[in-house]
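Observations on the model geometry
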Amino acid sequence: MMVKPPLKTLEKRVDSKYTLVTLAAKRARELTDGEDCLATDMHNTDKPVSLAFYEIAEGEVTYKRTKEGIK
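Chains are numbered independently. Their residues run from 1 in the order of the written sequence. Local features are withheld for residues below a pLDDT of 70 in this predicted model, meaning they are given only at 70 or higher, and side-chain atom pairs are given and counted only at 80 or more; totals for whole chains, interfaces and linings count all residues. For side-chain calculations, the full set of non-hydrogen atoms in the structure is used, while hydrogens and water are omitted.

Looking at the packing of helix 2 (residues 17-32) against helix 3 (residues 48-57)
When two helices pack together, their arrangement is captured by the angle between the axes and the distance separating the axes. Relative orientation of the contacting elements helix 2 and helix 3 amounts to 120°, with a least axis distance of 8 Å. On the basis of the axis angle, helix 2 is oblique to helix 3. For the pair helix 2 and helix 3, the crossing hand works out as right-handed. Where helix 2 abuts helix 3, its residues Leu20, Leu23, Ala24, Arg27, Ala28, Leu31 and Thr32 lie against Pro48, Val49, Leu51, Ala52, Phe53, Glu55 and Ile56. Taken together, the residues of the contact of helix 2 with helix 3 sort by class into 11 nonpolar, 1 polar and 2 charged. Between N-to-C directions, angles cover 0 to 180 degrees, with each direction set by a line fitted to C-alpha atoms, over the stretch in contact for helices. What counts as a helix is a DSSP run of H or I of at least four residues, what counts as a strand is a run of E of at least two, and both are numbered from the N terminus. Roughly parallel means an angle under 35 degrees; roughly antiparallel means over 145; roughly perpendicular covers 65 to 115; every other angle is labelled oblique. The sense of a crossing depends on the near helix, which, turned anticlockwise from the far helix by less than a right angle, makes the crossing left-handed and, turned clockwise, makes it right-handed. By the convention used here, residues are in contact when the closest approach between their heavy atoms is within 4.5 Å. Ten residues, namely Ala, Val, Leu, Ile, Met, Phe, Trp, Tyr, Cys and Pro, are considered nonpolar, four, namely Asp, Glu, Lys and Arg, are considered charged, and the remaining ones, Gly among them, are considered polar.

Topic: the confidence of the model for the protein
pLDDT gives the predictor's per-residue confidence on a scale running from 0 to 100. Confidence along the protein averages 88 in pLDDT terms, with 92% of residues attaining 70 or more. Across the protein, element-level confidence peaks in helix 2 with a mean pLDDT of 95 and bottoms out in helix 1 (residues 7-11) with 92.

Describing the nonpolar core
Only buried residues count toward a nonpolar core, which is a set of Ala, Val, Leu, Ile, Met, Phe, Trp, Tyr and Cys residues joined through side-chain atoms within 4.5 Å. Burial classes follow relative accessibility: with a 1.4 Å probe on protein chains only, a residue under 20% of its type's maximum area counts as buried, one over 50% as exposed, and anything between as partly exposed. Core analysis: the biggest nonpolar cluster contains 12 residues, these being Leu10, Val14, Leu20, Leu23, Ala24, Ala28, Leu31, Leu51, Ala52, Ile56, Ala57 and Val61. Elements with a contribution of two residues or more to this core: helix 2 and helix 3. No other element matches helix 2, which puts 5 residues into this core. Setting aside residues up to four positions removed in sequence, Ile56 forms contacts with Leu10, Arg13, Leu20, Leu23, Ala24 and Val61.

A few points about helix 2
Under the convention used throughout, the expected extent of a helix is 1.5 Å for every residue step, that is, one less than its residue count. Here helix 2 spans 22 Å end to end across 16 residues, near enough to the 22 Å set by a 1.5 Å rise per residue. Where helix 2 is buried, its residues touch helix 1 and helix 3. Looking one or two residues past helix 2, Gly34 carries a phi angle of roughly 110°, positive in sign.

Remarks on the pattern of salt bridges
Between Lys or Arg on one side and Asp or Glu on the other, a salt bridge is scored when a side-chain nitrogen of the former is within 4 Å of a carboxyl oxygen of the latter. Applying the stated criterion to the full structure yields 5 salt bridges. Here Glu11 makes a salt bridge to Lys17, at a shortest N to O gap of 3.8 Å. Among the residues examined, Glu11 registers a relative accessible area of 29% and is labelled partly exposed. Of the charged contacts, one joins Glu55 and Arg27 as a salt bridge, the two residues approaching to 2.6 Å between their closest N and O atoms. With a gap of 28 residues between them, Glu55 in helix 3 and Arg27 in helix 2 connect regions that are remote in the sequence.

In structure tokens, the structure reads:
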């Protein structure tokens, strides 16, 4: 099974796998709540977590490291 977007691409956008999972989960909740998808390419999925990973890979979703957590 081939994972898309590749994990190597996603790891370049964050500082750890924990940050990646947290960021994707937060964005997936936003998509589930009705926010529009920011991914520019058309993808063959409507799953919120997959769309969140595509958005992260394209650089559309980022994070800011703070002492309290991700904002």
